[in-house]
Protein chains: 2
Amino acid sequence: MSADDAAALVPHGANVGMSGFTGSGHPKAVPTALARRIEQAHARGEQFRIGVWTGASTAPELDGALAKVNGVELRLPYQSDPITRERINAGAMEYVDIHLSHVAQFVWFGFLGHLDVALIEVTAILPDGSLVPSKSIGNNKTWLDQADRIIIEVNSGMSTALQGMHDVYYGTRLPPHRKPIPIIAPGDRIGETTFRCDPAKVIAVVETNAPDRDTSFAASDETSEAIAGHILEFLGHEVRRGRLPPELLPIQSGVGNVANAVMAGLENGPFSGLTAYTEVLQDGMLNLVRSGRMVLASATALSFSADATRQFDRDIENLKTKIVLRTQEISNHPEVIRRLGVIAMNGLIEADIYGNVNSTHIRGTTIMNGIGGSGDFARNAYLSIFMTPSTAKGGSISAIVPMVTHVDHTEHDVQIIVTEHGLADLRGLSPKQRAAVVIGNAAHPSFRPALKDYFDRACRLSPGKHTPHLLDEAFRMVNPLR
Amino acid sequence: MSADDAAALVPHGANVGMSGFTGSGHPKAVPTALARRIEQAHARGEQFRIGVWTGASTAPELDGALAKVNGVELRLPYQSDPITRERINAGAMEYVDIHLSHVAQFVWFGFLGHLDVALIEVTAILPDGSLVPSKSIGNNKTWLDQADRIIIEVNSGMSTALQGMHDVYYGTRLPPHRKPIPIIAPGDRIGETTFRCDPAKVIAVVETNAPDRDTSFAASDETSEAIAGHILEFLGHEVRRGRLPPELLPIQSGVGNVANAVMAGLENGPFSGLTAYTEVLQDGMLNLVRSGRMVLASATALSFSADATRQFDRDIENLKTKIVLRTQEISNHPEVIRRLGVIAMNGLIEADIYGNVNSTHIRGTTIMNGIGGSGDFARNAYLSIFMTPSTAKGGSISAIVPMVTHVDHTEHDVQIIVTEHGLADLRGLSPKQRAAVVIGNAAHPSFRPALKDYFDRACRLSPGKHTPHLLDEAFRMVNPLR
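Only a predicted model underlies this, so the values are computations on that prediction, with no experimental measurement involved.

**Q** Hey, could you run me through unusual backbone geometry in this one?
**A** Backbone geometry follows two general trends: most residues other than glycine have a negative phi, and most peptide bonds adopt the trans configuration. Residues and elements named next belong to chain A. Of note, the bond from proline 175 into proline 176 is cis; its omega dihedral lies within 30 degrees of zero at 5 degrees. By secondary structure assignment, the location of proline 176 is in the loop between β8 (166-167) and β9 (202-208). With a phi close to 55 degrees, threonine 22 is a non-glycine residue in the positive phi region. Along the chain, threonine 22 falls in the loop between β1 (15-18) and α2 (30-43).

**Q** Even after reading the chapter, I still don't get the UniProt feature "domain: Acetyl-CoA hydrolase/transferase N-terminal" (unreviewed entry) in chain A, so can you show me in this structure?
**A** When the UniProt feature table is mapped onto this chain, "domain: Acetyl-CoA hydrolase/transferase N-terminal" (unreviewed entry) is found at residues 2-207 of chain A. In this annotation, residues 2-207 of chain A is assigned 26% helix and 20% strand; the end-to-end C-alpha distance for the span is 8 Å.

**Q** I tried to follow the nonpolar core on my own but got confused; where do I start?
**A** Across soluble globular proteins, nonpolar side chains show a tendency to be buried alongside one another. If you look at the biggest cluster of nonpolar residues, it comprises 152 residues, and the most contacted ones within it are A:Phe312, A:Ile323, B:Phe312 and B:Ile323. Setting aside chain neighbours within four positions, we find A:Phe312 in contact with A:Lys135, A:Leu162, A:Met165, A:Leu286, A:Leu302, A:Phe304, A:Leu319 and A:Ile323. Listed in part, the 62 residues of the second largest apolar core include A:Tyr354, A:Ala443, A:Phe447 and B:Val404.

**Q** Mind showing me how you'd approach the side chain of B:Thr123 here?
**A** Residue and element names in this part refer to chain B. Along the polypeptide, threonine 123 turns up in strand β5 (residues 117-125). Looking at threonine 123, the relative accessible area reads 5%, which means it is buried. Engagement of the side chain of threonine 123 in a polar contact is seen with the backbone oxygen of proline 133, the distance being 2.8 Å. Aside from chain neighbours lying at most four places away, what touches threonine 123 is Val132, Pro133, Ser134, Val154, Asn155, Met158, Ser159, Thr160 and Leu162.

**Q** Which parts of the structure should I look at to understand the packing of helix α8 (residues 257-267) of chain A against helix α9 (residues 283-291) of chain A?
**A** In a pair of packed helices, the angle between the axes and the distance between the axes together describe the arrangement. All names here are of chain A. Relative to each other, α8 and α9 sit at 20 degrees, their axes nearing to 7 Å. As summarised for this structure, α8 and α9 are arranged roughly parallel, according to the angle between their axes. Every pair of crossing elements has a handedness; the one defined by α8 and α9 is left-handed. For the pair α8 and α9, contact is made by Asn260, Met263, Leu266 and Glu267 and by Asp283, Gly284, Met285, Asn287, Leu288 and Ser291, respectively. Within the contact of α8 with α9, the residues separate by chemical class into four nonpolar, four polar and two charged.

**Q** Whenever I open this one, the packing of helix α7 (residues 222-240) of chain A against α8(A) confuses me. Can you help?
**A** Residues and elements named next belong to chain A. Relative to each other, α7 and α8 sit at 55 degrees, their axes nearing to 8 Å. Between α7 and α8, the crossing angle belongs to the class labelled oblique. Handedness of the α7/α8 crossing: right-handed. Each of Ser224, Ile227, Ala228, Ile231 and Leu232 in α7 lies in contact with α8, whose residues at this interface are Val258, Ala261, Val262, Gly265 and Leu266. Partitioned by chemical class, the residues of the contact of α7 with α8 number eight nonpolar, two polar and no charged.

**Q** Would you mind showing me how to read the sheet that holds strand β17 (residues 350-352) of chain A here?
**A** Sheet strands pair by backbone hydrogen bonding; their relative direction is either parallel or antiparallel. Residue and element names in this part refer to chain A. Sheet architecture is open: three strands sit in the order β18-β17-β24, paired in mixed fashion. What marks the edges here is a single partner per strand, and that holds for β18 (357-358) and β24 (400-401). Two elements, β17 and β24, share two bridges in a ladder whose sense is parallel. Each bridged residue has a counterpart across the sheet, and for aspartate 352 the counterpart in β24 is valine 401.

**Q** In this structure, what is going on with the relation of the copies chain B and chain A? I would like to understand it.
**A** Here the second copy of the chain follows from the first by a rotation about an axis and a shift along it. It takes a turn of 180 degrees to lay chain B on chain A, together with a shift of 0.0 Å along the axis; the resulting RMSD is 0.0 Å. With respect to symmetry, the two chain copies, as superposed, fit the operation of a two-fold axis. Of every C-alpha in chain B, the one belonging to B:Glu335 sits nearest the axis of rotation, 2.2 Å from it. Taken together, the interface assignments show that 100% of the residues at the interface of chain B recur at the interface of chain A, consistent with an identical surface on both copies.

**Q** What exactly am I supposed to notice about the pairing of strand β5 (residues 117-125) of chain A here?
**A** As a general feature of sheets, a regular strand has side chains that alternate between the two faces. Residues and elements named next belong to chain A. Extensive coverage of β5 is indicated by the burial of eight of its nine residues. Of the pairings in the sheet, the one linking β1 to β5 comprises three bridges and is parallel in character. Residue pairing across strands places methionine 18 opposite leucine 119, the latter belonging to β5. Pairing of β5 with strand β7 (residues 149-155), which is carried by six bridges, proceeds in the parallel orientation. Paired with valine 122 across the strands is valine 154, a residue of β7. For β5 and strand β6 (residues 131-133), the ladder comprises three bridges, and the chain directions are antiparallel. Residue pairing across strands places isoleucine 125 opposite leucine 131, the latter belonging to β6. Where β5 hands over to β6, the hairpin turn is made up of five residues, of which glycine 129 adopts a positive phi near 90 degrees.

**Q** Could you clarify how one ought to interpret the pairing of strand β21 (residues 383-387) of chain A in this entry?
**A** All names here are of chain A. Burial analysis of β21 places five of its five residues in the buried class, which makes it a mostly covered element. The alternating pattern of β21 places Leu383, Ile385 and Met387 on one face and Ser384 and Phe386 on the opposite face, and all of these are buried. Across five bridges, the pairing between strand β16 (residues 343-347) and β21 is parallel. Bridge pairing in β21 places alanine 344 opposite serine 384. Where β21 and strand β25 (residues 416-419) come together, three bridges link them in parallel fashion. Residue pairing across strands places isoleucine 385 opposite isoleucine 416, the latter belonging to β25.

**Q** Looking at this structure, how should I read the sheet that holds strand β24 (residues 400-401) of chain B?
**A** Residue and element names in this part refer to chain B. If you trace the three strands from one edge of the open sheet to the other, you get β18-β17-β24, paired in mixed fashion. Lying at the two open borders of the sheet, with one neighbouring strand each, are β18 (357-358) and β24. Judged from the two bridges that link them, strand β17 (residues 350-352) and β18 form a sheet pairing that is antiparallel. Residue pairing in the sheet places glutamate 350 in a bridge with asparagine 358 of β18.

**Q** For this particular structure, what's the right way to read the side chain of B:Ser430?
**A** Of note, B:Ser430 is situated in the loop between β26 (422-425) and α15 (431-442). Within the local environment of B:Ser430, its side chain forms a polar contact with the side chain of A:Glu94, the two groups lying 2.3 Å apart. With residues near it in sequence (within four places) discarded, B:Ser430 still touches A:Glu94, A:Tyr95 and A:Val96.

Each value, and the rule that gives it
- Residues numbered from 1 in each chain as written.
- Chains lettered and ligands numbered in written order.
- Predicted model: local features only at pLDDT ≥ 70, side-chain atom pairs only at ≥ 80, totals over all residues.
- Heavy atoms only, no water.
- Helix = DSSP H or I, 4+ residues; strand = E, 2+ residues; numbered from the N terminus.
- UniProt positions renumbered as here; feature names shortened; annotations may be inferred.
- Core = buried A, V, L, I, M, F, W, Y, C linked by side-chain atoms within 4.5 Å.
- Buried < 20%, exposed > 50% of the residue type's maximum accessible area, 1.4 Å probe, protein only.
- Contact = heavy atoms within 4.5 Å.
- Polar contact = N/O pair within 3.5 Å; in protein donor to acceptor, adjacent residues only side chain to side chain.
- Axes fitted to C-alpha atoms, helices over the stretch in contact; angles between N-to-C directions.
- Parallel < 35°, antiparallel > 145°, perpendicular 65-115°, else oblique.
- Left-handed = near helix turned anticlockwise from the far one by under 90°.
- Nonpolar A, V, L, I, M, F, W, Y, C, P; charged D, E, K, R; others polar.
- Pairing = 2+ DSSP bridges.
- Least-squares fit on C-alpha atoms with pLDDT ≥ 70 in both.

In C-alpha cells:
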C-alpha cells in the first residue's frame with residue numbers, strides 16, 4: 001500500500017519501533033507520511049504524538065520530519081538529528097539515553113512499556129515470509145518479535161546481494177534460561193541470515209526506492225591525523241611490549257571524523273590481519289576491509305558516504321565473506337566484547353583531569369547525541385581509548401576541564417585519553433597521577449597553565465586530597481561567573 | 001618460618017599481592033611483622049614502602065598496620081580501613097579504585113606493573129602442593145600465578161572442612177583465546193577446589209591461628225527495615241507483573257547494615273527457592289541459606305560476625321552443598337552477571353535527582369572506601385537497585401542532591417533508588433521524569449522543598465532543558481557558600 005495508507009495505521013500514543021542505525025536502514029517513506037498526518041491532526045486541534053524507538057540515529061526523513069511537526073512524545077535510545085536535539089533541549093520532547101546493548105533486553109523484560117508497531121526497512125521479503133535486512137540490523141529483530149503490528153518497507157534501492165551478509169541470532173532467552181553466546185572470534189556466525197516474521201502481524205507492506213543517509217566525512221586534517229598518529233604509536237608500543245598481538249585485537253571505532261581518520265591511519269600503518277568487532281562500519285573501515293588490511297569486520301550497521309556506498313554495492317559478493325552484520329544486542333554485548341578483548345576507540349565532548357568523560361552533554365544540560373554503545377565497549381574493552389581534539393569552537397574551549405559537567409564514563413572506565421597534543425595513559429594511576437599526565441600530555445598548551453593552577457590549588461585547599469577539587473570553581477572554565 | 005623472617009623477604013618497592021576480601025582470608029601475621037620492619041627502616045632513615053594489592057578490604061592487622069607506619073606507596077583495588085583512608089585523603093598514599101572484575105585481568109594484561117610477591121592465607125597445604133583456600137578467594141589465584149615469589153600463611157584457625165567449598169576456575173585465557181565461561185546457574189562448579197601453586201616460587205610458609213575480622217552489624221532499625229520493606233514490596237510487584245519469576249533471580253547484595261537488613265527482610269518475606277550470585281556472603285544471607293529460604297549462594301568471600309562464624313563453622317559440611325566460593329574475576333564477571341540476570345542491590349553515598357550515583361567520595365574529594373564490585377553488578381544486572389537512608393549525619397545532610405559531586409554509576413546504570421521514604425523506579429524515564437520521582441519518592445520530606453525549588457528553577461533557567469541544571473549552585477547543598 002502507499003506510505004500514506006500505512007501511516008494511517010499508526011495511532012496517537014503508539015510506541016513505534018523503527019529500523020535505523022547511524023543513518024542506514026531506516027524506513028524512508030512512512031515516517032514522513034506519518035509526520036504529514038500528525039501535522040494535519042495538530043492543525044485540527046487533535047493530539048497526536050508517538051514514542052519512537054530505534055537502533056540508533058536515523059535521518060532527516062525520520063527523526064527530522066517527526067520532530068519538526070512535534071510528533072514525538074518520547075525518543076530512545078540515541079539520536080543525532082538537529083531538530084530532534086533542539087526539541088529535546090527546549091524541554092519539548094522526552095529523551096531516554098540508554099546503553100545500546102541494554103535496549104533490546106529492556107523491551108524483552110517489559111521495562112520500557114508496550115511496543116505497538118514495528119516499522120522496518122528490509123531489502124526483500126522471501127517466499128517463506130522471512131525478511132532480508134537492509135544495511136543495518138539494530139533492534140529490528142526485537143521490534144519484529146515484540147510489536148503487535150508490523151509495517152514493512154521494502155527498499156528496492158538495496159542490492160539483493162546483501163542477502164547472506166547478516167547474522168540474526170535467535171538464541172537469546174530471558175534469565176534464568178540464558179546460555180553463553182557462542183562467539184569466540186569476530187566473524188563467527190551463530191544465527192540466521194534473515195528475520196523471522198509472523199505474517200499475521202503484518203498490516204502493511206510499502207515499496208520504496210531510496211538511498212540511506214549520505215554520511216560523508218570531513219577530509220582528514222592535521223588534528224585528526226595527529227590523534228591517529230599518537231594512537232598508532234601507542235598500539236605499536238603495546239605490541240613491542242608484548243601486551244598486544246601483532247595483528248592487534250578486534251577494533252571498535254566510534255563514529256565521526258576523528259574515528260574515520262584513525263582508520264585511515266591504520267591503512268598506512270604497520271599492522272595487518274586486523275579485525276573489528278564494532279557497531280558501525282564507516283568509510284575508513286570499509287577501505288581497510290577492501291585493501292585486505294582488515295580481514296574481518298563485525299558490526300550492526302553500515303554508515304557510508306555516497307561514494308563508499310557505490311564501492312560497497314559493486315563489491316558486495318566479495319565483502320560478504322569479510323563483513324558480518326549482527327543484531328545490536330550482540331554487536332554490543334558485554335559478554336562478547338570482553339571475551340574478544342576489544343580495543344575500544346570513542347570520541348568525547350569533554351574529559352576531566354581525573355579521567356572522567358562526558359560524551360553527551362554541553363555544559364551539563366544540553367544533550368548532543370547520546371551515549372550510544374560507547375559504554376558497552378569502554379567498560380568491557382581490553383583497551384579503552386577516548387579521543388578528541390584538545391579544543392573546540394576555534395580553540396576557545398578546552399576539551400580537558402577540571403571537572404566534567406556530566407559523566408558518561410567514570411574514572412574507572414577510561415584508560416587512555418588522546419588529543420592532537422599527545423596521549424595520556426591512565427592505566428594503574430591514582431587520580432592525582434592521572435591529572436599530571438592528562439594536563440601534561442593531552443591538554444592544549446594554552447589551557448595547561450589554567451588547569452595546572454586549578455590542580456595545584458586544589459591539591460593545597462581541597463578538603464580531601466584523593467581527588468582534589470574546589471567545588472566552588474570546578475565548572476568555572478566552562479561556566480564563567482556571570 | 002616466623003612471620004618476622006618471612007617479612008624480611010619483602011624488599012622496599014615490592015608490589016605485594018595479598019589475600020583478603022571484606023575482612024576475611026587476609027594474612028594475619030606477616031603484614032604486621034612487615035609493618036614493624038618498615039617502621040624500623042624508617043627510624044634508620046631508610047626508604048621502605050610497598051604496593052599493596054588485595055581482593056578487597058582487609059583488617060586492621062593488614063591495612064591498618066601498614067598504613068600506620070606509612071608503609072604503603074600505592075593501594076588497590078578497594079579498602080575500608082580508617083587509617084588507610086586518612087592517609088589517602090591526606091595525599092600521603094596513592095590509591096587506585098578499580099572495578100573488582102577488572103583487577104585480575106589488568107594484572108594478566110601487564111597493565112598494573114610487575115607483581116613481586118604473593119602473600120596468601122590458606123587453610124591447608126595438601127600433599128600434592130595444592131592449597132586449600134580460606135574464607136575468601138578474591139584475587140589469590142592471580143597473585144599465586146603472577147608473582148615471582150610466594151609467602152603462604154597456613155591458618156590452623158580455619159576448619160579443614162572448608163575443603164571442597166571453593167571453585168577455582170583455571171579456564172581463563174588472554175584474548176584472542178578466550179572461551180565462554182561455562183556458568184549457567186549460580187551453583188555451577190567449573191573449576192578446582194584448590195589453588196595450584198609452583199613450589200619453586202614458595203619462599204616462606206608461616207603458621208598462624210587467628211580469626212577473621214569480626215564484621216558485626218548494627219541491629220536493624222526502622223530506617224533499614226523500611227528500605228527493606230520497599231524493596232520487598234517492589235519485588236513482589238514485579239513478580240505479579242510477570243517481570244520476575246516467583247523465586248526471583250540471583251541476588252547480589254552489597255556490604256553493610258542496610259544490605260544485611262534487606263536479607264533479614266527476605267527471611268520473613270514471601271519468596272523461597274532464592275539464589276545469590278554475589279561478592280560477599282554476610283550474616284543475613286547466611287541465615288537465608290541456613291533456613292532454606294536460599295538454596296544456593298555463590299560469592300568470593302564470607303564476611304561474618306563472630307557469632308555467624310561459629311554457626312558457619314559448626315555447619316560447614318552441610319553448607320558446602322549450598323555455598324560456592326569463586327575467584328573474584330568470576331564472582332564479578334560481567335558475562336556471568338548478565339547471563340544470570342542478577343538483581344543487584346548496592347548502597348551509595350549520594351544520588352542526584354537525575355539518577356547518577358556517587359558510591360565513593362564525600363564532597364567530591366574525600367574517598368570513603370571504593371567502587372568495589374558495584375559497577376560490575378549494576379551495569380550488567382537484570383535490576384539495578386541502589387539503596388540508602390535518605391539522610392546522613394543525624395538528618396542534617398540529604399543523600400539526594402541536585403548533582404552528585406562524583407559519579408560512579410551514571411544515569412545509564414541506575415534503575416531503582418530506594419530510601420526509607422520510598423522507591424523511585426527510573427526505568428524508561430527521561431531525566432526530568434526521573435527528577436520528579438526521585439524527589440517525590442526517595443528524598444527526605446524536609447529536603448524536598450529545596451530540591452524541588454532547584455529543579456523548578458533549573459527547568460526555567462537552564463541553558464539546556466534535557467538535564468536542567470544551574471551549574472553555579474549545583475553543589476551548594478553539599479558545599480554551602482563560604
